[in-house]
Amino acid sequence: MALPKANRLKSRKDFQAVFREGTRRHGSYMTLRALRPSSMKKPSLDTAHDNVKSTNSVLSPIKIGISISTKVSKRSVVRNRLKRQVSAALHQLLPQLSPGWRLVVVVKPAAAESKCVTQQFLQELEQLLAQAEVLNGHS
């Protein structure tokens, strides 16, 4: 199942910002890049401006992008299958994620070689998201 349009990271600028400023968490099948919401990163001194900023971050949905290189597999069929599996796992975790974050999931070549299934992606994503403190409650 595909991610809702409101939760997709689309522009090249957004991807570059996450890669440049975001934190990294590594797993055996994928790497998670996570960029905190801007209001959490540097609070404003002006309280009126800060209140407006914090309400905007609460309303802004989490944005997620999936990156799969041709190094993972030369065959687009394999890359697209992996992307669908990661997307399905993220769709299940979406209600548990804190709003305002921007995430990029980079799939590693080990995922294509091991015939990884959606349940394994779900477990690893949950672990990486908890390490990055993106999950509500950080379980």
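Here is a short report on the structure shown in this document. Keep in mind that what you see is a predicted model, and the values were worked out from it rather than measured. Chains are numbered independently. Their residues run from 1 in the order of the written sequence. In view of the model being predicted, local features appear only for residues whose pLDDT reaches at least 70, and side-chain atom pairs are presented and counted only at 80 or more, with totals across whole chains, interfaces and linings using the full set of residues. In computing side-chain properties, one takes all heavy atoms of the structure into account and sets aside hydrogens as well as water.

Okay, the nonpolar core next. Residues belong to one nonpolar core when they are buried, are Ala, Val, Leu, Ile, Met, Phe, Trp, Tyr or Cys, and are joined through side-chain atoms within 4.5 Å. Buried means the residue's accessible area, taken with a 1.4 Å probe over protein chains only, is under 20% of the maximum for its type, while exposed means over 50%, and partly exposed covers the values in between. Residues Leu82, Leu103 and Val134 are the most contacted members of the largest nonpolar core, which totals 33 residues. Listed by contribution, the elements that provide at least two residues to this core are strand S2 (30–35), strand S3 (63–67), helix H4 (76–93), strand S4 (102–107), helix H5 (109–113) and helix H6 (118–131). Here a strand is any run of E in DSSP of at least two residues, a helix any run of H or I of at least four, and the numbering for each starts at the N terminus.

To continue, consider the sheet that holds strand S1 (residues 23–26). Strand order in this open sheet of four strands is S1-S2-S4-S3, and the pairing throughout is mixed. With one partner strand each, in any of the chains shown, S1 and S3 form the two edges of the open sheet. Here the average twist between neighbouring strands, direction ignored, is 20 degrees. When DSSP finds two or more bridges between a pair of strands, those strands are recorded as paired. Note: S3 against S4, five bridges, orientation parallel. Within S4, the position partnered with Ser67 by the bridge is Val106. Contacts between residues were defined by any pair of non-hydrogen atoms, one from each residue, lying within 4.5 Å. Every axis in this analysis is a line fitted to C-alpha atoms, fitted for helices over the stretch in contact. Angles between the N-to-C directions lie between 0 and 180 degrees. Lying over the sheet, H4 contacts S3 and S4, oriented at roughly 155 degrees with respect to S3.

Further remarks concern the pairing of S4. Pairing between S2 and S4: six bridges, direction antiparallel. The residue of S4 that forms the bridge with Met30 is Val107. Crossover handedness for the path S3 to H4 to S4: left-handed. Looking down the strands as they point away from the viewer, one classifies a crossover as right-handed if the path from the first strand across the helix to the second runs clockwise.

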